[in-house]
Amino acid sequence: MNLKTQMLKSTIISLLAFSFIVLIVLIPRDINISLDGHKVVADPSFDMNRYLTYIGDFFRHIIEHGSLGPSRYKGQTAEAAALVAVGMSLLVIVSALLIGFVVGILKGVADYKLSKTKFNVLGHWTTWLFQSIPDFFLMLFVQWFLVKHVPAVRYFAVEGWEAFALPALLVSIYPIFFIARVTSASLLAQEGKMYILLAKAKGLSDRAVVYKHMLRNGIAAILTHLPGLLVFILSNLLVVEYYRNYPGAAWRLFQALDFNPYTGTGPEYEPGVIIGIAFFFMLLFLVVQWISHSARKYFDPR
């Protein structure tokens with residue numbers, strides 16, 4: 001499959017997934033509540049005609065007003081609210097991607113080298129240990145530790161380097177060990193290959209063989225996991241933003257859902273904001289997939 005075909009396939013799948021999300025978001029969430037004697041009865045019955053009317057009204061509003069609708073804050077449109085939240089999270093996401101990828105590769109190389117020494121416990125064992133812990137629990141534990149035992153760090157800062165550096169470092173923890181495992185496995189799979197033996201026969205040092213040949217040949221396999229790396233970052237972003245009260249995209253998305261334990265959805269449900277943020281996430285994921293496809297084609301030795 002050539003590069004253009006892969007990109008087109010990724011684009012079509014992303015658009016279909018986004019369309020499915022839009023259809024789910026626009027499902028009517030009004031519940032008819034009535035009294036039956038001393039009991040409160042909720043009727044969540046689904047009406048297809050009403051659903052189609054909701055969809056038509058939503059897209060008609062976009063065409064006529066060029067807007068996704070209002071937000072819960074007076075005078076602010078849904079797309080403006082989504083754009084502000086996305087801007088807050090974008091720096092965190094990009095920084096976490098770079099940290100997870102670069103530091104993860106370096107950790108994977110270290111794991112590979114330590115696997116040949118008596119200090120293997122500091123390599124593969126630590127990677128396995130951190131990956132065996134559920135990512136959300138790891139996020140909660142690290143945040144609790146910083147707040148409880150590291151008072152020098154302004155954990156809840158909304159300005160300064162801590163405002164974006166702390167969330168970026170936190171959400172990149174699990175991806176670092178994920179990429180480290182992939183990198184180490186790629187290097188181990190290349191041991192004994194003819195080009196490795198030839199490079200060593202020419203007198204190249206082990207360091208040069210690893211970085212000049214093995215890592216370059218394995219970068220394509222590593223980059224195929226770049227979309228998975230983004231998934232880990234986005235899934236951890238909500239935990240970090242929620243507990244830091246950081247008004248980013250994940251936090252704003254959770255707020256827009258307006259979950260109510262009794263009715264499921266509260267009165268301030270914001271479908272326009274949800275769709276706007278979901279569209280950004282789709283674009284981001286699509287760009288990462290394109291980068292992965294392009295880099296794999298460029299670095300793949302075949």
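In this text the structure is predicted, and so the values were computed from the model without any measurement.

Conventions used here
Residues numbered from 1 in each chain as written. Predicted model: local features only at pLDDT ≥ 70, side-chain atom pairs only at ≥ 80, totals over all residues. Heavy atoms only, no water. Salt bridge = Lys/Arg side-chain N within 4 Å of Asp/Glu carboxyl O. Helix = DSSP H or I, 4+ residues; strand = E, 2+ residues; numbered from the N terminus. Buried < 20%, exposed > 50% of the residue type's maximum accessible area, 1.4 Å probe, protein only. Phe/Tyr/Trp six-rings, centres within 6.5 Å; stacked < 30°, edge-to-face > 60°. Contact = heavy atoms within 4.5 Å. Core = buried A, V, L, I, M, F, W, Y, C linked by side-chain atoms within 4.5 Å. 1 Å grid on protein atoms, 1.4 Å probe; cavity = no way out; pocket = protein on both sides within 12 Å on 5 of 7 lines; lining within 4 Å. Points joined across faces, edges and corners; volume = space filled by probe spheres on them. Nonpolar A, V, L, I, M, F, W, Y, C, P; charged D, E, K, R; others polar. Axes fitted to C-alpha atoms, helices over the stretch in contact; angles between N-to-C directions. Parallel < 35°, antiparallel > 145°, perpendicular 65-115°, else oblique. Left-handed = near helix turned anticlockwise from the far one by under 90°.

*Asks:* Residue-level account of the pattern of salt bridges, with values.
*Replies:* In a structure, side chains of opposite charge can pair up when their charged atoms sit close to one another. In the structure shown here, the tally under the stated rule is 5 salt bridges. In this structure, Arg-60 engages Asp-57 in a salt bridge whose closest nitrogen and oxygen atoms are separated by 2.7 Å. Placement of both Arg-60 and Asp-57 in helix α2 (residues 48-65) is noted, with a separation of 3 residues, approximately one turn of the helix. We classify Asp-57 as partly exposed; its relative accessible area is 40%.

*Asks:* Account for the packing of aromatic side chains, naming residues and giving values.
*Replies:* Considering all chains together, one arrives at 8 aromatic pairs under this definition. Among the aromatic side chains, those forming a connected cluster through ring pairs are Tyr-174, Phe-178 and Phe-232.

*Asks:* Summarise the environment of Leu-166; cite the residues concerned and give the values.
*Replies:* Turning to its location among the elements, Leu-166 is positioned in helix α6 (residues 161-171). Placed 74 residues apart in sequence, Leu-166 and Val-92 show a C-alpha to C-alpha distance of 8.8 Å. Excluding its chain neighbours within four sequence positions, the residues that come into contact with Leu-166 are Leu-146, Val-153, Arg-154, Tyr-155 and Trp-161.

*Asks:* Kindly report on the nonpolar core, identifying the contributing residues and their values.
*Replies:* Grouped together as the largest cluster of nonpolar side chains are 67 residues, with contacts concentrated most on Ile-93, Leu-97, Phe-101, Ile-105, Leu-170 and Ile-222. Among the elements that take part in this core, helix α3 (residues 78-114) stands out by supplying 12 residues, more than any other.

*Asks:* So what about the layout of surface pockets? Which residues, and what values?
*Replies:* One number sums up the size of the second largest pocket: a volume of about 350 Å³. In terms of lining, the second largest pocket is formed by Ser-14, Ala-17, Phe-18, Ile-21, Val-231, Leu-234, Leu-253, Ile-274, Ala-278, Phe-281, Met-282 and Phe-285. Ranked by residue count, the leading element in the lining of the second largest pocket is helix α12 (residues 271-299), at 5 residues. Considering only residue class, the lining of the second largest pocket consists of 11 nonpolar, 1 polar and no charged.

*Asks:* Requested: an account of the packing of α3 against α6, with residues and values cited.
*Replies:* Packed helices, taken two at a time, are described by the angle their axes make and the gap between the axes. Direction vectors running N to C along α3 and α6 enclose 45°, while the axes themselves pass 8 Å from each other. Between α3 and α6, the angle falls in the class oblique. Of the two possible hands of crossing, α3 and α6 adopt the one that is right-handed. Every residue of α6 that contacts α3 at Leu-91, Val-92, Ser-95, Ala-96 and Ile-99 is listed here: Phe-164, Pro-167, Ala-168, Leu-169 and Val-171. Tallied by class, the residues present in the contact of α3 with α6 amount to 9 nonpolar, 1 polar and no charged.

Purely geometric numbers; function is a separate question.
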